[in-house]
Amino acid sequence: MQRTDVIVVGAGPTGLLLAGELALQGVQAMVLERLDVPDPTIKSGSINVASAEILDRRGLLPAAEEVQRRRMAAAGAFTGSGGTSTTRGLVSGFKQKSPRFPVMGHFAGIMFRNDLVDQEDPVLAAHTAVANGVAVPQYDLELLLAERCVQLGVEIRRGVAVRGVRSTGGDLHDDADVVVQTDAGEFTAGWVVAADGGRSVIRKQLGIDFVGTDPELVGYQAIADLDDVSGLSHGWTWTPRGVYAYGPVPGRILVARFGPQPEDRNAPVTREELQDVVRDVTQTQVTIGDIHGRATRWSDNARQVRSYRHGRVLFAGDAAHVHSPFSAQGLNLGFGDAVNLGWKLAATVRSWAPTGLLDTYETERSPIAAWVLDWTRAQVALLRGDERTAQLRKVVGDELFTVPGAMNRMVAVSSGIMQHYDVADDATAPVGSIAGNVELTSGARLADHAHDGRFVLVDRSPDGRFAGAAPHLTARVTSVADPTADTSLPSLLVRPDGIIVWATTQDGEPTGDDAHTRLDVAIARWVGARRARPEALLP
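Rules and cut-offs
Residues numbered from 1 in each chain as written. Predicted model: local features only at pLDDT ≥ 70, side-chain atom pairs only at ≥ 80, totals over all residues. Heavy atoms only, no water. Axes fitted to C-alpha atoms, helices over the stretch in contact; angles between N-to-C directions. Helix = DSSP H or I, 4+ residues; strand = E, 2+ residues; numbered from the N terminus. Parallel < 35°, antiparallel > 145°, perpendicular 65-115°, else oblique. Left-handed = near helix turned anticlockwise from the far one by under 90°. Contact = heavy atoms within 4.5 Å. Nonpolar A, V, L, I, M, F, W, Y, C, P; charged D, E, K, R; others polar. Pairing = 2+ DSSP bridges. 1 Å grid on protein atoms, 1.4 Å probe; cavity = no way out; pocket = protein on both sides within 12 Å on 5 of 7 lines; lining within 4 Å. Points joined across faces, edges and corners; volume = space filled by probe spheres on them. Buried < 20%, exposed > 50% of the residue type's maximum accessible area, 1.4 Å probe, protein only. Salt bridge = Lys/Arg side-chain N within 4 Å of Asp/Glu carboxyl O.

Draft legend 1. Highlighting the packing of helix α1 (residues 13–24) against helix α6 (residues 138–151). Running from amino to carboxyl end, α1 crosses α6 at an angle of 25°, the nearest separation of the two axes being 9 Å. Judged on the interaxial angle alone, α6 and α1 are roughly parallel. Every pair of crossing elements has a handedness; the one defined by α1 and α6 is left-handed. Mapping the contact onto sequence places P13, L16, L17, A19, G20, E21 and L24 in α1 and Q138, L141, E142, L145, A146, R148 and C149 in α6. Its residues assigned to classes, the contact of α1 with α6 shows nine nonpolar, two polar and three charged.

Below, the structure is given as structure tokens:
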């Protein structure tokens, strides 16, 4: 049997990003995917800011920007016929190439508005570098990530259906290898990551609890030829039967109807089924012609695995959590899983992981997923078509969301930049937060030094006192000298997933020994070894 370090099951965005992260760390990875070719089915139409920053840190932002350029050209044609204020704002911002925070998305169909967002907000202003690389559909993202995997030497085997896993020893909790059983034979690995979707074969085979709430609605999304669209409104529209969205590109229709689930959720969506639900919800006689690609069917089924790890098998992406696609959180949640798990699993495989490092994958990601599930459940509650919910929606949209700062908060939370981890005892901001767009005095950015997946230590002290923090760990840490007398700019230690795990403060501490002590602790906890501090660095 062929053996590799890690087998990733599933070549969606989560699986491909994870495989690339492993390869970047020198770990041999293989991806097994049941589909023969990347799925062209219309799914997520964009990524959030946090996901775009992941691409930026790996040098993939230019490719994402090229995808957005093509999309904005198509959206520009659509806005010429009306469009939405959000689409017009995105198109205008892209044309201007201004350093603005991308305002996109919605909460329960209440669109985020450019005119209500204060671009001077320091929270948003710290995350503007990726504005021109967020409008990346899932299909294009998968092509981009697959190409990167090939460049990094990852083997992607398509047309391979996984049937289950077993251990070469007593059970999957032993130190023995894991055997992945497929219709193309058996494959052996030290570790397996199940990124095989919401109906994960591996999760079901292992009997892992998938707990949560049952669905209340059925949704559909497609790009199709539509006749007689005069009765359709651009953007989101609520009706007594459900909700629909038309645009932001020609032919794109999303519709959700409250009520029972179809008898066969796995059956392909037919033109007749799609037309029936579109007519029912929109109360128009729109005619569906050809469907381009495949239409998707989904629900607001919201569930999460009881445990993210079962011995030498881990779960990521939709295999670990499912929910409705409102606010486009699903792909981005899986992206966060992949970039969090990748370097930690690689450290474990390569035997330099500090004690308990792999366990932090679940302790950090599980609460984020639980929050996202509640975020989507709240939106479904606000989408209902009864009169009282409509009144509540009006209060939220017309009163709460128009309060100064409220729209900023909703945009920031939805974009993923507010995620926070407990990475150090008694730490204050920015420790535990995503690094964002950290500009250096050299004119470069922190992201430019993160392409190889190492930790990045930015030393902003005038005398370079932190540069020697990890001289024997250069294979894991990139040290960047960025001297400045501006004490408002902290020195930083940033993990491979972009999380700040150490920072100097603005109260004069950089001249004291406490900053060195905390840096020692951060290195020991996350990088894997303490440094022997040279006497020259003592105060």
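There's more to say after this.
Draft legend 2. Inspection of the packing of helix α2 (residues 49–57) against helix α9 (residues 330–349) at higher detail. Interhelical geometry of α2 versus α9 gives an angle of 40° and a closest axis separation of 9 Å. By the angle between their axes, α2 is oblique relative to α9. α9 is crossed by α2, and the crossing has left-handed handedness. Counted together, S51, I54 and L55 of α2 and N332, F335 and V339 of α9 form the full contact between these two elements.

Draft legend 3. Seen up close, the sheet that holds strand β15 (residues 302–305). In spatial order, the strands read β9-β15-β18; together these three strands make up an open sheet with antiparallel pairing. Pairing within the sheet leaves two strands with one partner each, and these edge strands are β9 (210–213) and β18 (321–322). By the bridge criterion, two bridges tie β15 to β18 in an arrangement that is antiparallel. Its bridge partner lying in β18, Q304 is registered against H321. The strands touched by helix α10 (residues 359–383) are β9, β15 and β18; relative to β15, the strand with the most contacts, the crossing angle is about 170°.

Draft legend 4. Layout of empty space enclosed by the protein. The final tally for this structure, using the stated rule, is three cavities of 30 Å³ or more. Lining the largest cavity are 16 residues, and of these I54, G336, V339, Q419 and I434 lie nearest its centre. Of all the elements in the fold, those that place two or more residues in the lining of the largest cavity are α2 and α9. In terms of residue class, the lining of the largest cavity is made up of six nonpolar, seven polar and three charged. Size it by volume and the second largest cavity reaches roughly 50 Å³. Of the residues contributing to the lining of the second largest cavity, the split by class is three nonpolar, two polar and four charged.

Draft legend 5. Up close: the layout of surface pockets. The space that makes up the second largest pocket amounts to roughly 980 Å³. A429, P430, V431, L492 and I500 are the residues nearest the centre of the second largest pocket, which is lined by 42 residues in total. For the lining of the second largest pocket, the secondary structure elements donating two or more residues are α5 (122–125), β22 (500–503) and α13 (514–527). The element that contributes the greatest number of residues to the lining of the second largest pocket is α13, accounting for six residues. Each residue belonging to the lining of the second largest pocket can be placed in one class, and the counts come to 25 nonpolar, ten polar and seven charged.

Draft legend 6. Spotlight on the sheet that holds strand β14 (residues 287–299). The five strands lie next to each other as β11-β12-β13-β10-β14, forming an open sheet whose pairing is antiparallel. Strand pairing shows two members of the sheet lacking a second neighbour, β11 (235–239) and β14, which therefore form its edges. If you compare each strand with its neighbour and ignore which way they point, the axes differ by 20° on average. Note: strand β12 (residues 242–246) against strand β13 (residues 252–258), five bridges, orientation antiparallel. Residue A245 lies in a different strand from β13, and its bridge partner there is L254.

Draft legend 7. Spatial organisation of unusual backbone geometry. Note the cis peptide between A429 and P430, where omega equals 10°. Tracing the backbone shows P430 in the loop between α12 (406–414) and β19 (455–459). In this model, D426 sits at a positive phi of 55°, which is unusual for a non-glycine residue. On the basis of relative accessible area, D426 is assigned to the exposed category, the value being 80%.

Draft legend 8. Fine view of the pattern of salt bridges. One pass over the structure, following the stated rule, counts 35 salt bridges. A salt bridge links R70 to E66, with the nearest nitrogen and oxygen atoms 3.8 Å apart. In this pair, R70 and E66 are both assigned in helix α3 (residues 61–79), four residues apart and thus about one turn of the helix distant. Take R70: its relative accessible area is 40%, and that puts it in the partly exposed class. D359 is the salt-bridge partner of R309, the closest N and O atoms lying 3.7 Å from each other. Taken as a pair, R309 in strand β16 (residues 309–310) and D359 in helix α10 lie far apart in primary sequence, 50 residues in all. We classify R309 as partly exposed; its relative accessible area is 32%. Within the structure, one salt-bridge network assembled from shared partners comprises E66, R69, R70 and D140.

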